[in-house]
Amino acid sequence: MIKEILLAGLRGVRPPLSTDLTRLEDAAREVLEPNAFGYVAGNAGTGVSTRNNREAFDRLRLVPRMMRGTARRDMSVSLLGHRLPSPVLLAPVAAQGAVHPEGELATVRGAAAVGLPFVLSSFASRTLEEVAAAAGPEPRWFQLYLPTERTVAESLVRRAEASGYTALVVTVDAPSFGYRPVDLDAAHSPFLQGIGISNYTDDPAFRADLPPEADRLAVLAHWAGTATDPALTWDDLAWLRRCTELPVLVKGVLHPDDARLALEYGADGVVVSNHGGRQLDGCVASLDALPAVRAAVGDAAAVLLDSGVRTGPDVLKALALGADAVLLGRPYVYGLALGGQHGVEHVLRCLLADLDLGLALAGCACVADVTAELLTPPGGIPGVHHP
C-alpha cells in the first residue's frame, strides 16, 4: 500500500483520506450531523476511561531488534479454529446507519475486501441476514447482548448460526447504557429513532410478544425493556453455552477473576475491554488489564484486546502483552462516515500496512515473534546502564 500511494503521488494523486488514523475523528466531525458524531465519539462521564486507553498504549515503549531477516512477513494467526490473515478484527459498533446510509453493509463489504472478520453488533441498523449476504464467504462473528427473554436470545443465536456466523461475542459490560453527557445533553439516541434495532424488529420471538397493532412507540418501548438485562449472572452464560456449539467469547472482562469465571461457565475466551471508555468513567485501561487476564486464563484460551487501538504499533504492544488479536472500533466508523465502503477499506489497509511495516522494523517475521521481549521492561533495557 505504501508503494502504491507514493507511486500515485508521481501522477499528482493523493489518498482521499489521511493515512494518520488518529486524524479521522476531526475529519468525521466536519461531515457528520452533530448528534450522529456525538453518538460515535462520545464517552462515559468525563472521558477518563477513554484517555486511559490511549495513555496505556503511549506509556509502553518498543525495543526493536535488528538483522532478523524480515524481508517476508506472515501476519496470519490461528483463532477459534480458523486461520485469519491478521490479528485484527472489526469491533462491534452499534447503529452504523446513523453515520452512513448503507451502515453495516458498507462496513462488512470493506472488511471482506481485505479479508478481515467483521463482528456484527446485536444493535445493528441492518439485520444479521442482510449483513451475512453482503459479507459473502468472508468470516464474520455475531455480538450478542443477552436480552431479558431467553426465547429472543435463542432466536438470535439460531439466526446467527443459520447465517454463517462462526463465533458469538457476548458483551457483558453494558447491562445498562453508560452515562454519556454528549448524548444526554442532546437528548438523543439513535435507537429511539429506530436506528439499531433491526435485529429485534425482524425477530419472530421478539415480535411474538407484541400485539399486532403495536405502533412505533410500543415497539421501541418493548425493545428498550428487552434488549439488555441488568439481572444477568454467570448462570446465563452457562445457559448460552448449552444453547449453541459456536465458540463463545465474553467481551468486557477486565478483572482476572472474571476471566476465570468466564471459562468456568463455558466461554472459549475473553475480550479484554472497557467498551472504548463508553461505559464506566474512571475505568482501568484495557491494555493495563490485559497481562493479568492472560495470566489468569493461561495460553489455551483465546484472549482479544479491545479499546484504544489506533495504529500498527498499538497492535504490536497488545500482542506483546498476551493478546491473540485486537478489535478495531471507532477509526473504521470514521472511515465509514467519510467514504462508505471505500473509507472502511482505506482505514483497514492503513492499519494493516502499519502493522506489517511495524513487524519488519521490530525484527519480527511473524506474529509469533512478538513477545514481551519487544517491550522495555521495568527498569530499562537489560545490559544498559541507567544512571
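Residues numbered from 1 in each chain as written. Predicted model: local features only at pLDDT ≥ 70, side-chain atom pairs only at ≥ 80, totals over all residues. Heavy atoms only, no water.

S.K.: What exactly am I supposed to notice about the nonpolar core here?
M.R.: It is characteristic of soluble globular proteins that their nonpolar side chains tend to be buried jointly. Counting 124 residues, the largest nonpolar core has Val88, Trp141, Phe142, Leu304 and Leu305 as its most contacted members. Counting residues per element, this core draws most heavily on helix α16 (residues 330–362), which supplies 14 residues. The residues touching Trp141, leaving out its near neighbours within four places in the chain, are Leu79, Leu80, Leu89, Phe118, Val119, Leu120, Tyr165, Thr166, Ala167, Val169, Leu249 and Leu304. (Core = buried A, V, L, I, M, F, W, Y, C linked by side-chain atoms within 4.5 Å. Buried < 20%, exposed > 50% of the residue type's maximum accessible area, 1.4 Å probe, protein only. Helix = DSSP H or I, 4+ residues; strand = E, 2+ residues; numbered from the N terminus. Contact = heavy atoms within 4.5 Å.)

S.K.: Help me understand the pairing of strand β6 (residues 168–171), please; the structure alone is not making it clear to me.
M.R.: The two faces of a sheet get side chains in turn, since along a regular strand they alternate between them. Residues Leu168 and Val170 of β6 are buried on one face, and the alternating residues Val169 and Thr171, pointing to the opposite face, are buried as well. In the classification by handedness, the crossover that spans strand β5 (residues 140–144), the intervening helix α7 (residues 150–162) and the parallel β6 is right-handed. (Right-handed = clockwise from strand over helix to strand, strands pointing away.)

S.K.: When you look at helix α13 (residues 256–264) in this model, what are you seeing that I'm missing?
M.R.: All buried positions along α13 are accounted for by Pro256, Ala259 and Ala262. Looking straight down α13, one finds its buried side chains confined to an arc of 110°; they lie on one side. Next to the buried residues of α13 lie α12 (234–243), β7 (248–253), β8 (269–272) and α14 (286–297). (Arc of directions from axis to C-beta.)

S.K.: Please clarify how the side chain of Arg180 should be interpreted in this entry.
M.R.: Topologically, Arg180 is positioned in the loop between β6 and α8 (181–185). Buried and unpaired, Arg180 has no salt bridge, with Asp183 as the nearest side chain of opposite charge at 4.6 Å. From its side chain, Arg180 meets the backbone oxygen of Arg278 in a polar contact 2.9 Å long. Those residues in contact with Arg180 that sit more than four places away from it in its chain are Tyr39, Asn43, Ala44, His275, Arg278 and Gln279. (Lys, Arg positive; Asp, Glu negative; His and termini not counted. Salt bridge = Lys/Arg side-chain N within 4 Å of Asp/Glu carboxyl O. Polar contact = N/O pair within 3.5 Å; in protein donor to acceptor, adjacent residues only side chain to side chain.)

S.K.: Got a minute to help me understand the pattern of salt bridges in this structure?
M.R.: Two side chains with opposite charge may pair up if their charged atoms get near one another. Within the structure shown, the criterion is met by 17 salt bridges. Of the charged contacts in the structure, one is a salt bridge between Asp58 and Arg54, with a shortest N-O distance of 3.2 Å. Here Asp58 pairs with Arg54, and both are found in helix α4 (residues 48–59), just 4 residues apart, close to one helical turn. Classification of Asp58 by relative accessible area gives partly exposed; the value is 45%.

Any functional reading would require information that these geometric values do not contain.
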